[in-house]
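Here is what each chain is made of, one letter per residue.
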Amino acid sequence: MSDVTLDALPPRRFSWRRRILEGGGLWPAVPALVYLAVFLVAPIVTLLGFGFVTLDRGQVADGSFTLEHMTGVLTDPLVWRLTWRSFWVAVVATTLTLFLAYPVAYAFSHLQGIWRTLLLVAIISPLLTSALVRAYAWIVILGGRRGLLNQTLLSTGIIDQPLQILNTSMAVLIGMTQIHLPFMILPLLAVLAERDRRFEEASLNLGAGQVATFFKVVVPMSLPGIVAGFALVFAVSYTNFIIPQLLGGGNYSTLAVQVYEQTIVVLDWSRGAALATLLLGSCFLMILLITAVGAHLTRWSEVPK
Amino acid sequence: MTQSLFDRIGKAVLIGLACLSILLLVGPSLIVIAISFEPRGYIAFPPSGFSMHWYGEVFQNRQLMDAFLTSLRVAGLVMLVCLALGIPAAFAAIRGRFGGKSALNAFLLSPQMMPGMVIGIATLFFGAYFAWRQSDLMLVVSLSVFCLPFVVRIVMARLAALDPGLDEASANLGAGRAQTFFRITLPQLAPSAIAAAAFTFIEAFDNVTVALFTSDVRARPLPVELYYLVQFESTPMIAAISALQIGFSLIVLVILARTIGLDRIGR
Amino acid sequence: MSDLEIDRLSKRYGKLQVLTDCNLMAEGGSVVTLLGPSGCGKTTLLRSIAGFVEPDAGRVMVGGRDISMLPPNRREVAYVFQNYALFPHLTVAQNVAYGLTVRRRPRAEIARRVDEALGLVALSDFGGRYPKQMSGGQQQRVAIARALVLEPKVLLLDEPFNALDAQLRLTMQVELRKLIDRIGITSIFVTHDQAEAMILSDKVAVMHGGQIEQLAPPLQIYDRPSTSFVADFIGRANIMPVQVRAGRTDTPQPVPTPRPDGPAVMIVRPENFEVVPGNVAGWPGRIGFATALGATIEYEVDCGMPEALRVSMARAPGSGPLAQGTDVTLRLRSTDGAIVLGRGAAHV
């Protein structure tokens, strides 16, 4: 074969028709994209927009753009008090969740056979039962004089006055921690269950004890899972309105509870939309902060070659 | 081999915390199940006797049974919509060759970032704009948006793990594209599709945070019904409903364990 | 320099006996290689020295002291892992400093010793990098520096060259051997590569089925294998069943042996055979297959035995192999080079 024939080969090109038909394989995603655009993006835009207009029976009054609802929400000291409460409750619950979840995930990675399976069932099955069921369980356990906790403590003589836990922040914290426990365990399992044990052996070999190895090798190397779990559980705790309502009692409120009440009970949709915008915005800010801190702590995993 | 005292204390603390945590995971559910067998009209633990009385009450309660059927219907539809939209989308997200693929993936998974309440309220407001009221249809739409990322994520994970060499081998052996898809790719995806379907169904069936805002106020689904019950009443009947739900989810768990293996669930 | 002695070490996992009565002696400052196919127990033996595996029976002694009951973190034996196990979340310097940090050494001492150790492996300028940013060869050097900075009594290395490509491997093997000689540390290597064992070791322990079949200097292992497994695993070997009568084998060229009369096996290295034309005293046969490898020509010669005999001969420049089917005779170049073993040593 001579060079001439090589040069003469025409560049290979698909017809424009074929290229559109294939679309680089994008076509199968189009129905989902359209669906999300119509039923997620448009509604979210509507929600954000409703905070800036005046509504008349669910319809936007013409030319009624206003910052009144937004400023109303942002200057209300009650809103800020509730935001602060939402924030610290979420941070404390998430931290508690982390401290309870980590040992379970770590223990899981050391279990074998039937015990491993049983533990996995214990972790996953709460995910498949509704949070309502678990909140109800806590009402039963913590509730009033008849609550199981008070019954037990009173009958054993540890206390002589029933404890008031239900309808306090304490009950909300306990409920949130327990209900969100599986959300923290799963990302931790992902990093801990299949980790390379040689790093721990190397640490032992270099003279570190078990505890030192745990804190200097196992925990730092699982940071990506810790950050993922922390961000996820913070987000679901911060925006949860069911648990505060059921366990915090009728007078207990948080920012998320306010959003619910304004839209469903009070039916002041503009204020509800403004509050929801605040809830979403502050939640995103916090997630950004968590991921930024996480990225800083795990920068070793991202270094270029 | 002898470990230092410090190391043994550390181990004990860790095991103690793990046990506390496991107790927290399963304890409340077990208590609820126990309470559901209470024969009397108020809650006690341990129950004062054993009776199925409250289960009978549940099944004779017209409102609850209607709510149950509504939830079943809605969850089934949500599952179908999510599978129909999610599986092809996962294909594009993994196998596609086009610009902006990572943006597409982020967008497909974005409902995950939204709290259920926000999706619920947003759909409610959006509907109001078109005079579209809360209804079963609105519930299906809002829940399917909420659940779509489950399907996309689970199927994507499986697709990414598939060896594209198998498709090439199939093509090399003379199979056309459609044949390769139906004979090679789809069978390998089946377990993940089943897992995704189960998760979607359960989430749609149990969901309150979205459903409170978009469900028909005259024909509430079961979780919304239960939400009001829990808030305003305190009879062992709620425990009986809860116990039924727990039993139902355990059945689903067993099915999942049989089809895809327990280790893969939740990854 | 401490001796390392392994005394009747045994380990079983369930029904699987992975180590059986392993004995090994490494004199202070010497290099011993554990060589064997995968699954022979060599890594388990190395891990029991480090304390990662708890043996069922037997002792490990370092410098005359029994360390068997010590946890891994108090053994003072350094372990270099197959993929180095460099902590990805710590920089190179922090990796090397790790053992000193957990021992709570003063800061200034840590800095000085880390500098020295990195200097030793010629990586002084790389302390601030993360392991991911280093090449395979550099990672290996970091792992060695991390192990040596603690001045351990024994250095254990689990297939340390596996992750490197062939070119780099040879250079690193020679460099490592030089470094070990300079420091004079008792070292145990695990490898499945016999060339590596030859380059690195003072003594080679050939392992098979959880047992040490032979412990001897590399050339002695090659020249005087004590079992047919060793003969076959180290280099290539023709293994033939023979009879011993009155101190000689009953082969066409008798080989003298001190063995008692009766059945035995004879082992002949391919290069100890030569192919000669015509009918002389030797094994008559026919060329079955020939390969010219450049420096040598390899023949498979069918001599009427169940397996063809293999012959390796130097190739004269310009010459080629004999044609397939040529009738030839095989002769031993040296009857001393043929090894006669008892039947008991004849398992492969």
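Fair warning: this is a prediction, and the values are worked out from it, not measured in the lab. (Residues numbered from 1 in each chain as written. Chains lettered and ligands numbered in written order. Predicted model: local features only at pLDDT ≥ 70, side-chain atom pairs only at ≥ 80, totals over all residues. Heavy atoms only, no water.)

Visitor: Looking at this model, I keep getting lost on the overall build of chain C. Mind explaining?
Guide: Counting its secondary structure elements, chain C contains eight helices and 19 strands. By its C-alpha atoms, chain C is 80 × 50 × 35 Å across when sized along the principal axes. When the 348 residues of chain C are sorted by exposure, 52% land in the buried category. Only carbon and sulfur atoms are counted for the fraction: they give 51% of the accessible area of chain C, which is about 15500 Å². (Helix = DSSP H or I, 4+ residues; strand = E, 2+ residues; numbered from the N terminus. Buried < 20%, exposed > 50% of the residue type's maximum accessible area, 1.4 Å probe, protein only. Areas by Shrake-Rupley, 256 points an atom, 1.4 Å probe, with all protein chains shown as cover.)

Visitor: Is there a simple way to think about the environment of Thr101 of chain C in this case?
Guide: In this structure, Thr101 of chain C sits in helix α2 (residues 92–102). Residues Thr101 of chain C and Arg12 of chain C, spaced 89 residues apart in sequence, show a C-alpha to C-alpha distance of 36 Å.

Visitor: Whenever I open this one, the interface of chain A and chain B confuses me. Can you help?
Guide: Many analyses report the size of an interface as the accessible area lost when the parts associate. If you look at the interface, chain A gives 85 residues, while chain B gives 84 residues. Roughly 7300 Å² is buried in total at the junction of chain A and chain B, and carbon and sulfur atoms are behind 79% of that figure. Interface area lost by chain A to chain B is led by Tyr35, Leu128 and Tyr136 of chain A, which between them contribute 10%. Viewed at the interface, chain B and chain A are joined by zero salt bridges. The interface formed by chain A and chain B includes seven residue pairs in polar contact (both at pLDDT 80 or more). Taken together, the residues that form the side of chain A that touches chain B break down as 64 nonpolar, 17 polar and four charged. (Contact = heavy atoms within 4.5 Å. Buried area = accessible area lost by both parts, 1.4 Å probe. Salt bridge = Lys/Arg side-chain N within 4 Å of Asp/Glu carboxyl O. Polar contact = N/O pair within 3.5 Å; in protein donor to acceptor, adjacent residues only side chain to side chain. Nonpolar A, V, L, I, M, F, W, Y, C, P; charged D, E, K, R; others polar.)

Visitor: Just to check I follow, could you spell out the packing of aromatic side chains for this structure?
Guide: Think of a pair of aromatic rings as described by two things: how far the centres are apart, and how the planes are tilted against each other in angle. According to the stated counting rule, one finds 32 aromatic pairs over all chains in the structure shown. Between Phe199 of chain A and Phe87 of chain C, the ring centres sit 6.4 Å apart and the planes meet at 45 degrees, which makes this aromatic pair tilted. One end of the pair, Phe199 of chain A, is in helix α11 (residues 198–205); the other, Phe87 of chain C, is in the loop between β6 (77–80) and α2, on a second chain. According to the relative accessible area criterion, Phe199 of chain A is buried, its value standing at 15%. (Phe/Tyr/Trp six-rings, centres within 6.5 Å; stacked < 30°, edge-to-face > 60°.)

Visitor: Even after reading the chapter, I still don't get the confidence of the model for chain C, so can you show me in this structure?
Guide: Reading fine detail from the predicted coordinates is not recommended where pLDDT is low. On average, residues of chain C carry a pLDDT of 90, and 99% of them reach 70 or more. Under the prediction, the complex receives an ipTM of 0.87, its pTM being 0.85. (pLDDT = per-residue confidence, 0-100.)

Visitor: Even after reading the chapter, I still don't get the pattern of salt bridges, so can you show me in this structure?
Guide: Side chains carrying opposite charge are able to pair once their charged atoms draw close together. All names here are of chain C. Summed over all chains, the structure comprises 25 salt bridges over all chains. For Arg8, the salt bridge goes to Asp7, with nearest N and O atoms at 3.1 Å. Among the ionic pairs, Arg59 bridges to Asp7, the shortest N-O distance being 3.1 Å. In this pair, Arg59 sits in strand β4 (residues 57–62) while Asp7 sits in strand β1 (residues 4–13), placing the two residues 52 residues apart along the sequence. Overall, Asp7 belongs to the buried group, its relative accessible area being 12%. Counted as one network, the salt bridges with shared partners bring together Asp7, Arg8 and Arg59.

Visitor: Hey, could you run me through empty space enclosed by the protein in this one?
Guide: Summary: where empty space remains is shown by rolling a probe the size of a single water molecule over the atoms. Residues and elements named next belong to chain A. This model, assessed by the stated rule, comprises three cavities of 30 Å³ or more. What the largest cavity holds in volume is close to 50 Å³. Elements represented by at least two residues in the lining of the largest cavity include exactly α5 (77–109), α9 (169–179) and α13 (223–238). Here the lining of the largest cavity takes three residues from α5, the largest share from any one element. For the lining of the largest cavity, the class distribution of residues is six nonpolar, four polar and no charged. (1 Å grid on protein atoms, 1.4 Å probe; cavity = no way out; pocket = protein on both sides within 12 Å on 5 of 7 lines; lining within 4 Å. Points joined across faces, edges and corners; volume = space filled by probe spheres on them.)

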